[in-house]
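Inside the fold
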Amino acid sequence: MTAKIVPVIMAGGKGTRLWPLSRSTAPKQFLQFLSEHSLFQKTLQRVSDPEIYAPAVIVTNAEFRFIVAEQAQAVGAPLSSILLEPVARNTAPALAAAAFVVARDHGDAAILQVLASDHEIEANDTYRACIGLARETAAAGMLVTFGITPTEPATGYGYIEIGAALAGGARTVARFVEKPNREKAEALLATGRYLWNSGMFMLPTRLFLADLATFAPEVHASARAAVEASRRDLDFERLDAAAFSQAPDISVDYAVFERTAHAAVVPSSFPWSDLGSWDSVWAVGEKDAAGNVVGQKANVSDTRNSLVLSRDIHVSVHGLDDIAVIASEDAVYVGRLADSQNVGQIVKALARNEATRRLTEVHPTSYKPWGSVASVLSGERFEVKRLSIAPGRKISLQKHFHRSEHWVVVKGTAEVTLGDETRLLNENESIYVPQGVTHRLANPGKIPLELIEVQTGSYLSDDDTVRLDDEFGRL
């Protein structure tokens, strides 16, 4: 048993509202927008006090499992478990599975703090006071949500109507309201009784699972079966696919909070944003004297109230007002900052077109459990890539039936396995990997290994890779 709060961090979302930096395979929670740490890492840091918190439970999917582990390790955050959802479901099944895991590992008297991995929050004294009140309210037998004090009639959030007063300043929940239009949002704010629904919770495990069994028995049964039949995979726990897929696709708000008699809300006035659009990124960013938020690889002149960010290339902006300019490796978005909610429509249009769909899914640079690989140049029968392998890491032992490869070391030392032979390559040395020959690349050094890889052949897609051995279990 534990008296500490057990954080449950939901990190499986694939949102693309912050395109072109956020893609379905590289979503915003794992990106560094305005600081040296990602939103996911900053979420981990908010629950890092060992006097208050047990190690966190992360709910994500198999595609993100290695980046979750690596980003947690990078900030020194111990994890209790990394749960892998086999299929995409809404928040109720994911949270139910996490609650069963916490009950198994910490006892059902534990209190859960449920957090989104992609929110920007200032953890000030007000925040800490709200966490303390939520914990006390949950311990008293309530399912607690955090209601953010509105600063504008926003249409991108759901709303919570506050009810009767509870001890310490918490309130009962009178009702939940779906995302309103502008006119309705203004009317809700005029009453003074409504808060934004943050999607964060503080839950006593036993009560939450009991209410789940009462109001959403199919979710309860599927999640319990998925946990009971789960299996370990390295440092991850894979929920059983057959059981989890039977769970209804439903949010925890619909499944439990709108039906339970135990719903409470803690009014919360700490700075909070779900960073759901580029204008919200601008709103929380550090501004210059002209109101601009400008990334390291950008500069502006005669420009006001604008957001200019770039991932790789340098961007210069002159003579514009209220503009968002966002540059990735292979795409640039330019639009009025006030219209940045419409980025989602652009992404949908790109996804419908076979020629542009990839722009919504992947970056030219993708991150692997051993490092990263970036596409530099491609043609009909060749592709040039830049590989970076972390110290002590190695790619899988593999072969390809339709392509050969040339490797040129540009930094560090490479240990190359080619057939039955293993040799070292230093900077400015190269090796040829013939089609069909078993090979492996490793970094035995203490600095990142960087190589240029030239692939040539009739078929260059990743599904031509046959893995024979892999330390990350990707066979």
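Criteria and thresholds
Residues numbered from 1 in each chain as written. Predicted model: local features only at pLDDT ≥ 70, side-chain atom pairs only at ≥ 80, totals over all residues. Heavy atoms only, no water. Helix = DSSP H or I, 4+ residues; strand = E, 2+ residues; numbered from the N terminus. Rg over C-alpha atoms; globule rule 2.2 N^0.38 Å. Contact = heavy atoms within 4.5 Å. Areas by Shrake-Rupley, 256 points an atom, 1.4 Å probe, with all protein chains shown as cover. Lys, Arg positive; Asp, Glu negative; His and termini not counted. Charge placed at Lys NZ, Arg CZ, Asp CG, Glu CD. Core = buried A, V, L, I, M, F, W, Y, C linked by side-chain atoms within 4.5 Å. Buried < 20%, exposed > 50% of the residue type's maximum accessible area, 1.4 Å probe, protein only. Phe/Tyr/Trp six-rings, centres within 6.5 Å; stacked < 30°, edge-to-face > 60°. Lys NZ or Arg CZ within 6 Å of the ring centre and 35° of its normal. Salt bridge = Lys/Arg side-chain N within 4 Å of Asp/Glu carboxyl O. Pairing = 2+ DSSP bridges. Right-handed = clockwise from strand over helix to strand, strands pointing away. UniProt positions renumbered as here; feature names shortened; annotations may be inferred. 1 Å grid on protein atoms, 1.4 Å probe; cavity = no way out; pocket = protein on both sides within 12 Å on 5 of 7 lines; lining within 4 Å. Points joined across faces, edges and corners; volume = space filled by probe spheres on them. Nonpolar A, V, L, I, M, F, W, Y, C, P; charged D, E, K, R; others polar.

Observations concerning the overall build of the protein chain
Helix and strand counts for the protein chain come out as 12 helices and 30 strands. For the protein chain, the C-alpha radius of gyration of 24 Å lies close to 23 Å, the compact-globule estimate for 475 residues. Counting only C-alpha atoms and orienting by the principal axes, one finds that the protein chain spans roughly 75 × 60 × 40 Å. For the protein chain, long-range pairs separated by at least 24 residues make up 68% of all intrachain contacts whose partners lie at least 6 apart in sequence. Here the protein chain displays about 21500 Å² of accessible surface, and carbon together with sulfur accounts for 49% of that area. In the protein chain, the 47 positive side-chain charges and the 57 negative ones have mean positions that sit 2 Å from each other.

Thoughts on the nonpolar core
The biggest cluster of nonpolar side chains holds 62 residues, and the ones touching the most others in it are I58, M202 and L441. Examining the composition of this core, we find that six residues originate from one element, helix α4 (residues 125-139), more than from any other. Ignoring sequence-local partners within four residues, the contact set of I58 consists of I9, A11, F40, L44, V68, L79, S81, I82 and L83. Listed in part, the 47 residues of the second largest apolar core include A99, F208, L212 and V252.

Quick notes on the packing of aromatic side chains
Taken as a whole and judged by the stated rule, the model has nine aromatic pairs. Consider the rings of Y127 and F270, whose centres lie 5.1 Å apart with planes at 85°: the pair is edge-to-face. Within this pair, whereas Y127 is found in helix α4, its partner F270 is found in the loop between β12 (263-268) and β13 (272-273), the two being separated by 143 residues in sequence. An identical accessibility class is assigned to Y127 and F270; each is buried. For the pair W196 and W272, a centre-to-centre distance of 6.3 Å together with 50° between the ring planes defines the contact as tilted. Taken together, the positions of W196 in strand β9 (residues 194-204) and W272 in strand β13 put the pair 76 residues apart, joining distant regions of the chain. Grouping residues by exposure puts W196 and W272 together as buried. Against the face of W282 rests K287, its NZ or CZ located 4.6 Å from the ring centre.

As for the environment of A99
Relative to the elements of secondary structure, A99 occurs in helix α3 (residues 91-106). A relative accessible area of 0% places A99 in the buried class. For the pair A99 and L112, spaced 13 residues apart in sequence, the C-alpha to C-alpha distance is 7.7 Å.

Here we look at unusual backbone geometry
A cis amide bond links W19 to the next residue, P20, at an omega of 10°. Mapping P20 onto the fold places it in the loop between β1 (5-10) and α1 (39-46). Backbone geometry places L275, a non-glycine residue, at a positive phi of 45°. Looking at the element boundaries, L275 is found in the loop between β13 and α10 (278-284). Judged by relative accessible area, L275 falls into the buried class, the value being 3%. Here D322, not a glycine, exhibits a phi torsion of approximately 55°, which is positive. With respect to the secondary-structure elements, D322 resides in the loop between β17 (315-318) and β18 (323-327). Overall, the relative accessible area of 40% leaves D322 in the partly exposed class.

Let's talk about the pattern of salt bridges
Per the stated rule, a full pass over the model turns up 22 salt bridges. Between R17 and D274 there is a salt bridge whose closest N-O contact spans 4.0 Å. Remark: D274 occurs in the loop between β13 and α10 and R17 occurs in the loop between β1 and α1; sequence separation between them is 257 residues. We classify R17 as partly exposed; its relative accessible area is 40%.

Description of the pairing of strand β3 (residues 79-85)
Within β3, five of the seven residues are buried, which leaves it mostly tucked inside the rest of the structure. Note that strand β2 (residues 56-61) and β3 share six bridges and pair parallel. Bridging from a neighbouring strand, T60 pairs with L84 of β3. Read from β2 through helix α2 (residues 65-74) to β3, the crossover connection turns out right-handed. Sheet topology note: the β3/strand β11 (residues 236-238) ladder contains two bridges and is parallel. The residue bridging L84 from the neighbouring strand is R238, located in β11.

Concerning the UniProt feature "domain: Nucleotidyl transferase" (unreviewed entry) in the protein chain
The feature "domain: Nucleotidyl transferase" (unreviewed entry), as annotated in UniProt, sits at residues 7-289 in this numbering. Annotation note: span residues 7-289, helix share 35%, strand share 25%, distance between end C-alpha atoms 39 Å.

With respect to the layout of surface pockets
Taken as a whole, the second largest pocket spans an internal volume of roughly 1500 Å³. Residue lining of the second largest pocket: 50 residues in total, with R17, N90, T91, H119 and G199 positioned closest to the centre. Of the residues forming the lining of the second largest pocket, the biggest block, four residues, is contributed by β9. Of the residues assigned to the lining of the second largest pocket, the class counts are 22 nonpolar, 17 polar and 11 charged.

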